[in-house]
Amino acid sequence: MMEELAELIRTFRGPEPLNPTKRARDFQASIQRVRTGDYLEVYGFLLMREPPGSPKDAVYYLLSPLSPSELEKLPPESPRPYLVLKIDEKTSISGELSSGSYVLARGILEPYPWGTLKMLIADEISSSDYSLHWTERSELALSQSEVESLIMDTVYANYDFEKALVYTFFAAPSIIGSRHAWGEGVYLSAFKREDKIALSVWETFKYLYSLLPWELRLKRNSWMELEDPALGIDFRLKDPNNSGLSYYVPQTKKILEREIPAPKWAEKIFKNKEAVFLESRGLLNPKDPLANLSEAPFILTEPVGYDRNRELEELMPNLIATVFLQRRKVGSLNLGELETFRRKFEEWLSRNRLEYGEKFDALRLSGMVFETNTRYLLSSHLLGSMARFEGRLTRSLINDVLLINQELLDMWINELPAEVLMKLVKDYEKYISSDRRANLALSIFMDVEATSADGSVSREEFLRALVEHGFKKRDAESLMERLIREGYLYEPFRGKLKLIR
């Protein structure tokens, strides 16, 4: 009955913001419920500065339930939620600790001989995962409809772009067995020849980025300096985020003009997909490395707008908590789970080859926006983001990913200038054989290769695919040998084929 009442209240009032004041209040209440002399287990951020009035019989540090960015945002009138840690030769220390680290501390709770502070005589202090700071507040997570509403009431763009933005926030689960050792990064990008559209996207992304906690922003400098005037202490705190999740938006217009739209120190992070990148580009180039590595390289015809959304600003911590909870629920996908998607993706390739012919094949060559191998992996990444948002992988999500792919492909073929597209087709024709049956066989090979685990295709797989596409078995065997003989395919290992690019 009480749970139903709480849900009813939430329906009318909306979710309670997970702000620093609430965290501080809840922490203080939990400490007060523990009696002096009782054993306590508590998570928090280690602040390596001695509190006022500390004795000289041990090392005394502070523990806070608030992250560095939350401490910075805590209103001046709010009580400072500190717990004193007493550390001596009996205290067991494990993991790499620095000022700002997220830790688990265990010990006996005692009064502290200064002010109203409480003290934990620590038996053990161990480093912990920053993600626990968010997942421990599961009751304040948002529903799917609440997440969608927050984003779509803030950003004004076409529906598919808004949905892609929602998915991007959740990053992507790793794909076990993938040929690319990518991280959780997802790249949402927007392209258009008109600079005003690219700049509108950039301004929108910058606003969203400004709402993220400092710990979740990709940055070169990983230290923050804070001052607590009430205690007369200043802190230098290291970024505690060891979760593997961070976000990036270019901070200057000049970076948007670079081939890789990131500072030099972040280029490796970009290439390895070790962060979520929200990018825009006033350039429409199918060879653009950003387009080649973006799960959703949208071409926009109208500027993107946003409104400052007070509700989103208040509930951004709740959104982050939701992201971390969904990361725990869908942490990875394996190739077996993607088998249905692989077959559907191959069918999608075949349909578009029939519809667009050489235009499609030209956009699928190495380094292009629809390079087949890379696009399959990117589509799998996007599917993983959607599964993370939904909480599980479903067949309907597979169809949704292919619909997004179709929209993106239609955009690129229809929006690219005719002269650019014709040049791409001419370049493609230089690469391929003049034999139509050989060309078809090569396209079929590219389809199968794109979805293979290691980038190679067995002779049996290729032969089966040719037969499924209408070749007689004897002709298929002869054509396969010819493609090897004429240098289109090679056999790096016995029975395994690869495309020569």
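Details of the structure are given in the entry above.
Residues numbered from 1 in each chain as written. Predicted model: local features only at pLDDT ≥ 70, side-chain atom pairs only at ≥ 80, totals over all residues. Heavy atoms only, no water.

**Looking at the overall build of the protein**
Alright, step 1. The number of helices and strands found in the protein is 19 helices and 19 strands.
Alright, step 2. Counting across all 501 residues of the protein, residues that qualify as buried make up 56%.
Alright, step 3. When contacts within the protein are restricted to residue pairs at least 6 apart in sequence, long-range pairs at least 24 apart make up 75% of them.
Alright, step 4. Accessible area of the protein: about 23000 Å², with a carbon and sulfur share of 50%.
Alright, step 5. The positive charge centre, built from 68 side chains, and the negative charge centre, built from 76, are 4 Å apart in the protein. (Helix = DSSP H or I, 4+ residues; strand = E, 2+ residues; numbered from the N terminus. Buried < 20%, exposed > 50% of the residue type's maximum accessible area, 1.4 Å probe, protein only. Contact = heavy atoms within 4.5 Å. Areas by Shrake-Rupley, 256 points an atom, 1.4 Å probe, with all protein chains shown as cover. Lys, Arg positive; Asp, Glu negative; His and termini not counted. Charge placed at Lys NZ, Arg CZ, Asp CG, Glu CD.)

**Observations regarding the packing of aromatic side chains**
Describing an aromatic ring pair means giving the distance of the ring centres and the angle of the ring planes.
Alright, step 1. On inspection of all chains with the given rule, the structure shows 25 aromatic pairs.
Alright, step 2. With 4.8 Å between their ring centres and 15 degrees between their planes, Tyr187 and Phe270 make a pair best called stacked. Taken together, the residues Tyr187 in strand 9 (residues 187–191) and Phe270 in helix 9 (residues 267–271) connect sequence positions 83 residues apart. For the pair Tyr187 and Phe270, one class covers both residues: buried.
Alright, step 3. Summarising the aromatic geometry, the rings of Phe345 and Trp348 are spaced 5.6 Å apart at their centres and angled 35 degrees between planes, so their arrangement reads as tilted. Separated by 3 residues within a single helix, Phe345 and Trp348 lie in helix 12 (residues 339–356), roughly one turn from each other. Side by side, Phe345 and Trp348 carry an identical accessibility label, which is buried.
Alright, step 4. Here a set of aromatic residues connected by ring pairs shows up, and it is made of Tyr43, Phe45, Tyr102, Tyr130, Trp134 and Phe324.
Alright, step 5. For the cation-ring pair, Arg236 lies above Trp223, with the distance from its terminal atom to the ring centre recorded as 4.5 Å.
Alright, step 6. The ring of Phe370 has Arg375 sitting right over it, with the charged end atom 5.2 Å from the ring centre. (Phe/Tyr/Trp six-rings, centres within 6.5 Å; stacked < 30°, edge-to-face > 60°. Lys NZ or Arg CZ within 6 Å of the ring centre and 35° of its normal.)

**Points about the environment of Thr340**
Alright, step 1. On the secondary structure map, Thr340 appears in helix 12.
Alright, step 2. Residue class for Thr340 comes out partly exposed when judged on its relative accessible area of 30%.
Alright, step 3. In this structure, the C-alpha to C-alpha distance between Thr340 and Ile398, residues 58 residues apart in sequence, is 8.4 Å.
Alright, step 4. If we skip the residues at most four places from it in the chain, Thr340 touches Arg395 and Ile398.

**Overview of the sheet that holds strand 12 (residues 247–248)**
Alright, step 1. The 4 strands are arranged 12-13-9-14 in an open sheet whose pairing can be described as parallel. Both outer strands of the open sheet, strand 12 and strand 14 (296–299), are each paired with one neighbouring strand and no more.
Alright, step 2. With 4 bridges joining them, strand 9 and strand 14 adopt parallel strand pairing. By the bridge assignment for strand 14, Ala190 is matched with Phe298.
Alright, step 3. Packed on one face of the sheet, helix 15 (residues 395–415) meets strand 9 and strand 14 and runs near 45 degrees to strand 14. (Pairing = 2+ DSSP bridges. Axes fitted to C-alpha atoms, helices over the stretch in contact; angles between N-to-C directions.)

**Observations concerning the packing of helix 14 (residues 372–390) against helix 15**
Alright, step 1. The interhelical angle for the contact between helix 14 and helix 15, taken along N-to-C directions, is 130 degrees, at an axis separation of 10 Å. With respect to each other, helix 14 and helix 15 are oriented oblique. Classified by chirality, the crossing of helix 15 by helix 14 is right-handed. From helix 14, Arg375, Ser379, Leu382, Leu383, Met386, Ala387 and Glu390 reach across to helix 15, where they touch Leu397, Ile398, Asp400, Val401, Ile404 and Asn405. (Parallel < 35°, antiparallel > 145°, perpendicular 65-115°, else oblique. Left-handed = near helix turned anticlockwise from the far one by under 90°.)

**Digging into helix 18 (residues 459–468)**
Alright, step 1. Turning to helix 18, its buried residues are Arg459, Glu461, Phe462, Leu463, Ala465 and Leu466.
Alright, step 2. Looking at the residues trailing helix 18, positive phi occurs at Gly470, about 105 degrees.

**Some thoughts on a negative patch on the surface**
Alright, step 1. Among the surface-exposed residues, Glu194, Asp195, Glu257 and Glu302 lie close enough to one another that they form a single negatively charged patch.
Alright, step 2. Note on placement: Glu302 falls in the loop between strand 14 and strand 15 (305–306).
Alright, step 3. Using a relative accessible area of 56% as the deciding quantity, one classes Glu302 as exposed. (Patch = residues over 30% accessible without salt bridge, like charges linked within 9 Å, V, L, I, M, F, W, Y side chains within 5 Å. Salt bridge = Lys/Arg side-chain N within 4 Å of Asp/Glu carboxyl O.)

**Thoughts on the pairing of strand 3 (residues 83–87)**
Alright, step 1. The element strand 3 is extensively covered by neighbouring structure, given that 5 of its 5 residues are classed as buried.
Alright, step 2. The alternating pattern of strand 3 places Leu83, Leu85 and Ile87 and Val84 and Lys86 on opposite faces, both of which are buried.

**So, the environment of Tyr82**
Alright, step 1. Counting through the fold element by element, Tyr82 comes out in the loop between helix 3 (68–73) and strand 3.
Alright, step 2. If sequence neighbours within four positions are ignored, Tyr82 has contacts with Phe27, Leu47, Leu62, Leu63, Ser64, Leu71, Leu117, Asp228, Leu231 and Phe235.
Alright, step 3. Of note is the side chain of Tyr82, whose polar atom sits 2.6 Å from the side chain of Asp228. (Polar contact = N/O pair within 3.5 Å; in protein donor to acceptor, adjacent residues only side chain to side chain.)

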